[in-house]
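Overview (structure and organization)
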Amino acid sequence: PLVPYLLGQKHPSGTRLTDFQKCVRTNDIDEVGDNRHLTYFEMLGNWSLGDYFKEESIKMSFEFLTKELGIPVEKLSVTVFEGDEDCPKDEFSAKCWKDAGILDGHIYYYGKDDNWWIAGETGPCGPDTEMFYDTGKPACSENCQPSCDCGKYVEIWNNVFMEYFKDENGYSKLKQQNVDTGLGLERMTMLLQGKETPFDTELFKPVMDKLSELQKVDIIESRRIVAEHLRSSMMIIADGGRPSNLDRGYVLRRLIRRMIRQMNKLQIDLNELSTLIDINVDNLKEMYPELEQNRETIKQ
Ligand code: GLY
């Protein structure tokens, strides 16, 4: 919805916005069950529509993480774009992080796979800088670093510096320089509550406890997948999505199918879904009243 404003149209609320948005993304669906991946998450963000750019964005992010949230600086690492034929190495962002207070040896350069953001195949895009939290787990190897998938480092926030536009002919510069950030509420909750996974926070604990009580076989990954896909499915249905074999409907159908497969592994009767849905609605309805309004539809 913000694309026209990234391209230069005036937004009615001005050039600096903050928001929170319900997000379903299934690109990492196979990772769900580990210590950090989710298909549904709430993304907290801030936007500069041709207003502040890298320097201020990084300064404000550092201040928010270390002062407002009180995260010790030694726990933080950041990544920046290493550069390629489309866009130069982002040494300026690295300098901004260093000036802000990120420690030596905690700044990493990666390529487009890690440090580039675009929604879809074409449109506004640009290099991003990502912030990682060190969980304190032992390093998996001498080369363990934020890009590693061993779970030692958890990405908590990214700032996308959107100053390019990609179309079928390649990249061009946008009229204005924008910032689009995304910070995951569930991961931040886990970090601030000192928990090892989002499933140990109050967002998931009631349903996880019930799954432990109901299971006849003890498989932690399966419990996490059921809890996660159930919440994701409930959010989609409450927003009007319905299972089908196409597009958005297929995302929901796939989540439900995978959830059921894991319930079977745990040997939990599918009739228990009604109870699990009630637990989630009661736990989350203050934040998401649409779940309460759609309780029966979701069960159906
Ligand atoms: N707002 C940037 C992102 O989706 O992560």
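Description of the structure in this document. Because the structure is a prediction, the values reported are computed rather than measured.

A separate point is the site of the ligand. By nearness alone, every residue bordering the ligand is listed as Arg25, Met43, Trp117, Asn158, Asp180, Thr181 and Gly182. Here Arg25 contributes a side-chain N or O atom positioned 2.7 Å from an oxygen atom of the ligand. Burial of the ligand by the surrounding chains reaches 94%, relative to a free accessible area of 200 Å². The class makeup of the residues in the shell around the ligand is 2 nonpolar, 3 polar and 2 charged.

The subject of this paragraph is the pairing of strand β7 (residues 153–167). A large share of β7 lies buried, amounting to 11 of its 15 residues. Pairing geometry for strand β6 (residues 123–134) and β7, over 10 bridges, is antiparallel. Residue pairing for β7: Met131 is matched across the bridge by Trp157. As paired strands, β7 and strand β8 (residues 170–184) are joined by 10 bridges and run antiparallel to one another. Residue pairing in the sheet places Met162 in a bridge with Asn178 of β8. Taken together, β7 and the strand that follows it, β8, pair antiparallel across an intervening segment of 2 residues.

The α-helix winds at 3.6 residues per turn, so residues separated by three or four positions along the chain end up facing the same way. End to end, helix α2 (residues 54–68) covers 20 Å across 15 residues, agreeing with the expected 21 Å (1.5 Å per residue, within 8%). Three or more residues of α2 are buried, namely Lys54, Ser57, Ile58, Ser61, Phe62, Leu65 and Thr66. When α2 is viewed along its axis, its buried side chains cluster within an angular range of 135 degrees and face the same direction. In α2, the exposed residues that point more than 90 degrees away from the buried face are Glu55, Lys59, Lys67 and Glu68. As for α2, its buried residues are in contact with β3 (76–81), α3 (91–100), β6, β7, β8 and α5 (185–192). Downstream of α2 by one or two residues, Gly70 has phi in the positive range, about 70 degrees.

Another point: the packing of helix α7 (residues 220–238) against helix α8 (residues 247–266). Between α7 and α8, whose axes approach to 9 Å, the crossing angle comes to 150 degrees. Between α7 and α8, the crossing angle belongs to the class labelled roughly antiparallel. Crossing angle aside, the handedness with which α7 passes α8 is left-handed. Residue-level contacts link Ser222, Arg223, Ile225, Val226, His229, Leu230, Ser232, Ser233, Ile236 and Ile237 of α7 to Val251, Leu252, Leu255, Ile256, Arg258, Met259, Gln262, Met263, Lys265 and Leu266 of α8. Of the residues belonging to the contact of α7 with α8, the class tally is 12 nonpolar, 5 polar and 3 charged.

Quick look at a positive patch on the surface now. Together, Arg253, Arg257, Arg261 and Lys265 line one region of the surface with positive charge. Mapping Lys265 onto the fold places it in helix α8. On the basis of relative accessible area, Lys265 is assigned to the partly exposed category, the value being 46%.

Attention now goes to the side chain of Glu42. Among the secondary structure elements, Glu42 is positioned in strand β2 (residues 40–49). Of the side chains with opposite charge, Arg231 comes closest to the buried, unpaired Glu42, at an N-O distance of 6.7 Å. Setting aside anything within four residues of it in sequence, one finds Glu42 in contact with Phe20, Gln21, Leu183, Gly184, Leu185, Glu186, Met287 and Tyr288.

The tally for this structure, following the rule as stated, stands at 8 aromatic pairs. Ring centres of Tyr40 and Tyr288 lie 6.3 Å apart, and the angle between their planes is 80 degrees; this geometry places the pair in the edge-to-face category. Residue Tyr40 is found in strand β2, and its partner Tyr288 is found in the loop between α9 (273–284) and α10 (289–293); the two are separated by 248 residues along the sequence. Side by side, Tyr40 and Tyr288 carry an identical accessibility label, which is buried. Aromatic side chains Phe199 and Phe204 sit 4.9 Å apart centroid to centroid with 50 degrees between the ring planes, which places their arrangement in the tilted category. By the burial criterion, Phe199 is buried, and Phe204 matches it. Put simply, the rings of Phe81, Trp116, Tyr164 and Tyr171 touch in pairs and so form one group of aromatic residues.

What counts and what doesn't
Residues numbered from 1 in each chain as written. Predicted model: local features only at pLDDT ≥ 70, side-chain atom pairs only at ≥ 80, totals over all residues. Heavy atoms only, no water. Near = heavy atom within 4 Å. Polar contact = N/O pair within 3.5 Å; in protein donor to acceptor, adjacent residues only side chain to side chain. Areas by Shrake-Rupley, 256 points an atom, 1.4 Å probe, with all protein chains shown as cover. Nonpolar A, V, L, I, M, F, W, Y, C, P; charged D, E, K, R; others polar. Buried < 20%, exposed > 50% of the residue type's maximum accessible area, 1.4 Å probe, protein only. Helix = DSSP H or I, 4+ residues; strand = E, 2+ residues; numbered from the N terminus. Pairing = 2+ DSSP bridges. Expected span 1.5 Å × (residues − 1). Arc of directions from axis to C-beta. Contact = heavy atoms within 4.5 Å. Axes fitted to C-alpha atoms, helices over the stretch in contact; angles between N-to-C directions. Parallel < 35°, antiparallel > 145°, perpendicular 65-115°, else oblique. Left-handed = near helix turned anticlockwise from the far one by under 90°. Patch = residues over 30% accessible without salt bridge, like charges linked within 9 Å, V, L, I, M, F, W, Y side chains within 5 Å. Salt bridge = Lys/Arg side-chain N within 4 Å of Asp/Glu carboxyl O. Lys, Arg positive; Asp, Glu negative; His and termini not counted. Charge placed at Lys NZ, Arg CZ, Asp CG, Glu CD. Phe/Tyr/Trp six-rings, centres within 6.5 Å; stacked < 30°, edge-to-face > 60°.

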